[in-house]
Amino acid sequence: MRAYLIAFCLGVWLLQQQAALPAARGLWLLPLASVVLLVPRFPRVLPETLRRLAVALLCAALGFGWAAWRAELQLADRLPDHWQGVDIAVVGVVSDLPLAGPRGERFVLDIEQVVTPDAPNLRRIQLARYWPRDATRNPSVQAGERWQFTVRLKRPYGTHNPHGFDLEAWMLERGIAASGYVREQPPPQRLDARAATPAAWIAATRAAIREEINSTLGDAPYAGVIAALVIGDQRGIPHEQWRAFTRTGVNHLLSISGLHVTMIAALAGWALAFGWRRWPRAAERLPARQAGLLAAVMAACAYAVLAGFQVPAQRTLFMLGVLALAFWGRREPRPFSALTWALFAVLLIDPWAVLSAGFWLSFGAMAVILWVTFGRLALPGRLRGWATVQAAVTLALAPALFLLFQQVSLVSPLANAVAIPLVSWLVTPLALLGVIVPPLWHAAAWLMAGLGKGLVWASTLPWAVAAQPAPEGWAVLLAVAGTVWLLLPRGFPLRVLGGLLWLPLVFPVRASVAPDTFQAEIIDVGQGTAILIRTAQHALLYDTGAAFADSDAGERIVVPYLRAAGVAELSGVIVSHDDSDHSGGLRSLLRDVPTGWLLHGLPAASPLLTNAPAPRRCVRGQRWQWEGVRFEILNPPVAAYAESIRRDNDFSCVLKISRGGHSLLITGDAERRGELELLESGADVAATVLVAGHHGSRTSSLAEFVDQVRPRYGVFTMGYRNRFGHPHPQVTARFREQGARILRSDTGGLIRLTFGEAGVVASEYRPSHRRYWHDTPPPHE
């Protein structure tokens, strides 16, 4: 039976790898196939092994069909294209914890009624509401409230980079049909302070607990950790703490992990069974053991719901349910069967769980623990058993961690040896009891502060983390097979040979840039610019993307991409000018990536220059050469920095990179004045590839400038349906008049340009890595 359940789950996973959903009529063949395969005479026709294989294939087909049917229903709920950017009046309930920031708040709205005639019936949307100048006129939204809003929406759409976060998959899994913002005219109306729905009650309860934690702990450093342990809201944990937790490998403890759910269930079950045995009349009707099982499952369910029903909590809850049924029926529990049933239940409810890192790490860790602890003849002592489990989990999850995050914590076994008992058996119970007795939160925060100091120290060790570029899938599979071999029971012959299967992962064949060539990768950062230029031995980043309300593109997009691409350090960084969509990610970049020097077009007093490595202003005439590739700053002139009325955009560092007869020209946000200065300077602006100035604004890419450049490729960096209307149709028309091929980051994702002996080879990431949930943008104008 376990093989058939796993086959079903493999079918679900296979569906998520498809570029398009299969035709619905083809799915009707699955019930017919089941009838053919399972008729009583069928076992007599084929051998038992072939029959089981056929049933397994049928289960995989059923999983594939189930996931396809669920996906079709989910995609049918998305916002129709012609309703994008149109005002729609809706009534709904705030069903999640709102996130407030300095510029506004974001929240999820479960729609109950669409007021606008003929508007689509959406079920759930994600909204941003920006603060008005007089914030007292409109109260902020609270979880569980019912509101009427007028909103402008767009279909789910995100940035697309190799190994990057897939926003559209995330929204699909959560059933979010569109995202947008609230219009303040007509004014939003709060209809009910507490909607009478279960989802509203849960959301309001979680919000009330979060508010109580914040008011009790105030500005305590680890107040965000306490909120994460109680209600699963990790957004209050500062980045510095997350960095320390991640580098020490204990970040799994600060979400609602299966360990926490199991611990709460065990305590609740033991406490009720203890009291039940001392109540004779109750024990006569229901044995104390069964009463304890009920209490354990109910406590686990309550905790999982309170914490947002995340994948680790789901896995643990379903496993506990299966084991409780086995104990209830006085059968010998089979942990691997329980894990398999939990896997099946999670994917039956949520077929898109396979797209999340938490799914693989949660089930993988549990499978490893069972693999090294159950069914062994020689049981180790407690201390040795604990060390064996820690080492096995670290080893087994390393391939997945390299694939998902490109780094593994080497101090994780030691850090977890201290953190797991402290967090699971002291901090978490105190945090949960604090819901009843709030002063206990101070004790939990005090314990976390002590642990946190040790974790911060451990995270700063130079050998704390092993990092390498994102590995190939086949290398990960070989390493997983090698891990299974290495962790076989003692006495199994040649176990050490399993380590050989790790060699492709540990010593990967890395793609490199040949001398006298260079590669430019226009990273998709939405409405902004970030371009990585690599030669054989150097790497340069031009601009760092935008700053957001609670983060920036450097932290979210650029640094993860550099890690995945194997760029451990940057020879230099150029920040073209003082606009947030170009300089917003600089702080995160300099914090996380060793950098040699900084060229910039920033004001002399810019706070971004604090602690910057060897900062210098961009000046026309600066030149250098790396491995036969020439770099030259063409603008601004020295005199520009003495002008008080010069626009920020015209301070943009204009960079030209050349090899042989091919070149790349990047003009930042240079507008009319900057481009005319370039033409009047006599500089050679002819280039094979031109990154359009100011994202394709009509204030840049003048006709005479494009005529002089004569590009074969025109690259536009911008966000999907950006509010500025970039790129302007007149600008794209100028490029097409030159016969240039248009490349856009909003529709193509990351754009890779390779300049070599054969000329320029261009590729776009999004079209070649499409999945069925990725929206198809309209044709370029």
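Residues numbered from 1 in each chain as written. Predicted model: local features only at pLDDT ≥ 70, side-chain atom pairs only at ≥ 80, totals over all residues. Heavy atoms only, no water.

1. So, the nonpolar core
Test applied: Here, the term nonpolar core denotes a set of buried Ala, Val, Leu, Ile, Met, Phe, Trp, Tyr and Cys residues that are joined through side-chain atoms within 4.5 Å. Each residue is placed in one exposure class: buried if its accessible area under a 1.4 Å probe, protein chains only, is under 20% of its type's maximum, exposed if it is over 50%, and partly exposed if it falls in between. Think of it this way: any DSSP run of H or I at least four residues long counts as a helix, any run of E at least two long counts as a strand, and we number them from the N terminus. Contacts are assigned to residue pairs with any non-hydrogen atoms lying within 4.5 Å of each other.
Ranked by internal contacts, the top residues of the largest apolar core, which has 50 residues, are I213, V225, I226, V230, F245, V427 and M448. Elements with a contribution of two residues or more to this core: α6 (198-217), α7 (223-231), α9 (258-276), α11 (288-306), α12 (311-328), α16 (412-433) and α17 (440-459). The element best represented in this core is α16, accounting for nine residues. V225 has contacts with I237, Q241, F245, L254 and M448, leaving out every residue within four places of it along the chain. W626, F631, V715 and L743 belong to the second largest nonpolar core, which has 35 residues in total.

2. Quick look at the packing of helix α1 (residues 2-15) against helix α13 (residues 335-349)
Convention followed: Between N-to-C directions, angles span 0 to 180 degrees; the directions come from axes that are lines fitted to C-alpha atoms, helices contributing only their stretch in contact. Note on terminology: angles under 35 degrees are roughly parallel, angles over 145 are roughly antiparallel, angles of 65 to 115 are roughly perpendicular, and the others are oblique. The crossing is said to be left-handed when, going from far helix to near helix, the turn is anticlockwise and less than a right angle, and right-handed when the turn is clockwise. Here the term charged refers only to Asp, Glu, Lys and Arg, the term nonpolar to Ala, Val, Leu, Ile, Met, Phe, Trp, Tyr, Cys and Pro, and the term polar to all other amino acids, Gly among them.
As a packed pair, α1 and α13 sit with axes 10 Å apart at the nearest point and diverge in direction by 30°. Viewed along their axes, α1 and α13 adopt a mutual orientation that is roughly parallel. Classified by chirality, the crossing of α13 by α1 is left-handed. Contact residues: R2, L5, I6, F8, C9 and V12 in α1; F336, S337, T340, W341, L343, F344, L347 and L348 in α13. Taken together, the residues of the contact of α1 with α13 break down into eleven nonpolar, two polar and one charged.

3. Quick notes on the packing of α16 against α17
Axis separation between α16 and α17 bottoms out at 8 Å; the angle between their running directions is 165°. Taken together, the axis directions place α16 and α17 in an arrangement best described as roughly antiparallel. Handedness of the crossing formed by α16 with α17: left-handed. Contact residues: A415, V418, A419, L422, V423, L426, V427, L430, A431 and L433 in α16; L440, W441, A443, A444, L447, M448, L451 and L455 in α17. Taken together, the residues of the contact of α16 with α17 break down into 18 nonpolar, no polar and no charged.

4. Some remarks on the sheet that holds strand β20 (residues 689-691)
Short version of the rule: Pairing between strands requires that DSSP locate at least two bridges from one strand to the other.
Strands sit in the order β16-β17-β18-β19-β20-β21-β22 across an open sheet of seven strands; the sheet is mixed. Edge positions in the sheet fall to β16 (623-626) and β22 (741-744), since each has one partner strand and no second. Averaged over neighbouring strand pairs, the angle between their axes works out to 20° when direction is ignored. Where helix α25 (residues 729-737) meets the sheet, it contacts β20, β21 (713-716) and β22, and its direction lies at approximately 160° from that of β21.

5. Re the state of the cysteines
Condition: Criterion for a disulfide: a pair of cysteine sulfur atoms within 2.5 Å.
A full pass over the atoms with the stated rule returns one disulfide. Sulfur-sulfur distance for the disulfide between C618 and C653 comes to 2.1 Å. With the S-S dihedral at roughly 95°, the linkage between C618 and C653 falls on the right-handed side. Taken together, the residues C618 in the loop between β15 (615-617) and β16 and C653 in the loop between β17 (629-635) and β18 (654-659) connect sequence positions 35 residues apart. The class of C653 is buried, set by a relative accessible area of 0%.

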